[in-house]
Amino acid sequence: MQVINQIDALRQALWQHRLNGASIAFVPTMGNLHEGHLQLIDRAHEAADIVVASIFVNPLQFGPGEDFNGYPRTFENDQAKLTERGCHILFAPTVDEMYPETQISATVVKVPHLSSIHCGASRPGHFTGVATVVAKLFGIVQPDYAVFGLKDFQQFLVIKQLTEDLCLPLEIIGAPIARAESGLALSSRNGYLSVEELEQAAALYRCLANTRTSIDAGNLNFNELEVAAKADLETAGFTPDYFTVCRQQDLLPASAEDKELVIIAAAYLGQARLIDNLHFQRL
Ligand code: PAF
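The structure presented is a predicted model; accordingly, all values stated were derived computationally and were not measured. (Residues numbered from 1 in each chain as written. Predicted model: local features only at pLDDT ≥ 70, side-chain atom pairs only at ≥ 80, totals over all residues. Heavy atoms only, no water.)

A. The arrangement of the overall build of the protein chain in detail. Of regular secondary structure, the protein chain possesses ten helices and nine strands. For 283 residues, the compact-globule estimate of 2.2 N^0.38 gives 19 Å, and the protein chain sits close to it at 19 Å. Across its three principal directions, the C-alpha atoms of the protein chain cover 55 × 40 × 40 Å. Each of the 283 residues in the protein chain was classed as buried or not, and the buried ones make up 51%. In the protein chain, the share of contacts with a sequence separation of at least 24, taken over all contacts with a separation of at least 6, comes to 72%. Summed over all atoms, the accessible surface of the protein chain reaches about 13,400 Å², with 50% contributed by carbon and sulfur. Mean positive and mean negative side-chain charge positions of the protein chain (20 and 33 charges, respectively) differ by 3 Å. (Helix = DSSP H or I, 4+ residues; strand = E, 2+ residues; numbered from the N terminus. Rg over C-alpha atoms; globule rule 2.2 N^0.38 Å. Buried < 20%, exposed > 50% of the residue type's maximum accessible area, 1.4 Å probe, protein only. Contact = heavy atoms within 4.5 Å. Areas by Shrake-Rupley, 256 points an atom, 1.4 Å probe, with all protein chains shown as cover. Lys, Arg positive; Asp, Glu negative; His and termini not counted. Charge placed at Lys NZ, Arg CZ, Asp CG, Glu CD.)

Okay, structure coming up:
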């Protein structure tokens, strides 16, 4: 695997592959890779000839008091895992390379409605930071495909929307959520949990699954289901942020007529803020 830190050098390497007629799939990450990320690499291999991953802990998407400084940086390990999974190129720019000082008041990409609700309401500016860095990375890599995990369902919709709105010529692929045996969605932030909290954390998925079971059994009183799920999360030791039954297409609250649903949730446990979702077509 080639490791490249500079935009120009990456462009040159990719130019050569394009001249050879190769298609390119891109997997942007912030590193601290787990099996979920590696499944994105597998999915990228299915889509295209050349797989490019990036590791960049993007300061723009962390708010004041969030974990930018403490975010786990495990570059050597990540490099080994990507090599093992057959990734061809790893792009690992510095903050200066991505945001030169002269760009301090540079262009940002904002996806209005989707960025202001749920995680966007709790983390103001977060999705503008994500949309901006992803648009920049797309401009740098110019992939034919980009693969994102569906655990970050709201992020996935933000990225699909910006791709469509900016007429970017690539296909966005959503990859299924990788879960531990307990049901807990794999996440870099699970590393903040103690052994005991890791066991407790499975309650987040259980609450989502129970809510889905109730919906499939015909209970369409979503408000009542949300209140019950939040109470269950509290009993399990979480401090819920939100737990909402939404329409998949725009994440607005679902009504009894909607069939394509996503139950999205965020909750605090110990040092971690965990997110998860279940997206499905109701019976
Ligand atoms: O999901 C992530 O790891 C990040 O939000 C992303 C998409 C790599 C942008 O920094």
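B. Structural context of the site of the ligand. Residues in contact with the ligand, as listed here, are Pro28, Thr29, Met30, Gln61, Val130, Val133, Phe148 and Gln155. For the ligand, an oxygen atom lies 2.6 Å from a polar atom in the side chain of Gln61. Gln155 has a polar side-chain atom sitting 2.7 Å from an oxygen atom of the ligand. A total of 290 Å² of accessible area belongs to the ligand in isolation, and the protein chains cover 88% of it. Tallied by class, the residues present in the shell around the ligand amount to five nonpolar, three polar and no charged. (Near = heavy atom within 4 Å. Polar contact = N/O pair within 3.5 Å; in protein donor to acceptor, adjacent residues only side chain to side chain. Nonpolar A, V, L, I, M, F, W, Y, C, P; charged D, E, K, R; others polar.)

C. Quick peek at the pairing of strand E3 (residues 50-55). In terms of burial, E3 is largely enclosed, as six of its six residues are buried. Crossover strand E2 (residues 24-29) to E3 through helix H2 (residues 35-47) is right-handed. Inspection of the sheet shows E3 paired to strand E4 (residues 89-91) by three bridges, in the parallel sense. Paired with Ala53 across the bridge in E4 is Leu90. Handedness of the crossover is the feature at issue here: the chain leaves E3, passes through helix H3 (residues 75-84), returns alongside E4, and the resulting connection is right-handed. (Right-handed = clockwise from strand over helix to strand, strands pointing away. Pairing = 2+ DSSP bridges.)

D. Focus on the sheet that holds strand E9 (residues 272-281). If you walk across this open sheet you meet the three strands as E7-E8-E9, and the pairing is antiparallel. Strand pairing shows two members of the sheet lacking a second neighbour, strand E7 (239-247) and E9, which therefore form its edges. The mean inter-strand angle of the sheet, taken between neighbouring strand axes irrespective of direction, is 10°. The pairing of strand E8 (residues 260-269) with E9 spans ten bridges and is antiparallel. (Axes fitted to C-alpha atoms, helices over the stretch in contact; angles between N-to-C directions.)

E. The environment of Glu197, seen in detail. Structurally, Glu197 is set in helix H9 (residues 195-216). Distance in space between the C-alpha atoms of Glu197 and Leu269 is 7.2 Å, their sequence separation being 72 residues. Among all residues touching Glu197, those that are not within four sequence positions of it are Tyr192, Leu269 and Gly270.

F. A look at the packing of aromatic side chains. Counting across every chain of the model gives five aromatic pairs. Between Phe62 and Tyr71 the ring centres are 5.8 Å apart and the planes differ by 75°, which places this aromatic pair in the edge-to-face class. The exposure class of Phe62 is buried, given its relative accessible area of 11%. With 6.3 Å between their ring centres and 70° between their planes, Phe138 and Phe148 make a pair best called edge-to-face. Pair noted here: Phe138 is in helix H7 (residues 126-141) and Phe148 is in strand E5 (residues 145-149), with a separation of ten residues, a long-range link. (Phe/Tyr/Trp six-rings, centres within 6.5 Å; stacked < 30°, edge-to-face > 60°.)

G. Expanded view of the sheet that holds strand E6 (residues 171-175). Pairing is parallel across the open sheet formed by six strands, whose spatial order is E1-E4-E3-E2-E5-E6. With partners counted over all chains shown, the strands left at the sheet margins are strand E1 (2-4) and E6, one partner each. Within this sheet the neighbouring strands show an average axis-to-axis angle of 25°, counted without direction. Lying on the sheet, H2 is in contact with E2, E3, E5 and E6; it crosses E5 at an angle near 155°. Lying on the sheet, H3 is in contact with E1, E3 and E4; it crosses E3 at an angle near 170°.

H. How the structure looks around the environment of Arg247. Position of Arg247 among the secondary structure elements: in strand E7. The exposure class of Arg247 is partly exposed, given its relative accessible area of 24%. For the pair Arg247 and Gln16, spaced 231 residues apart in sequence, the C-alpha to C-alpha distance is 43 Å. Aside from chain neighbours lying at most four places away, what touches Arg247 is Leu252, Pro253, Ala254, Asp258, Glu260 and Val262. At a separation of 2.4 Å, a polar atom in the side chain of Arg247 contacts the side chain of Asp250.

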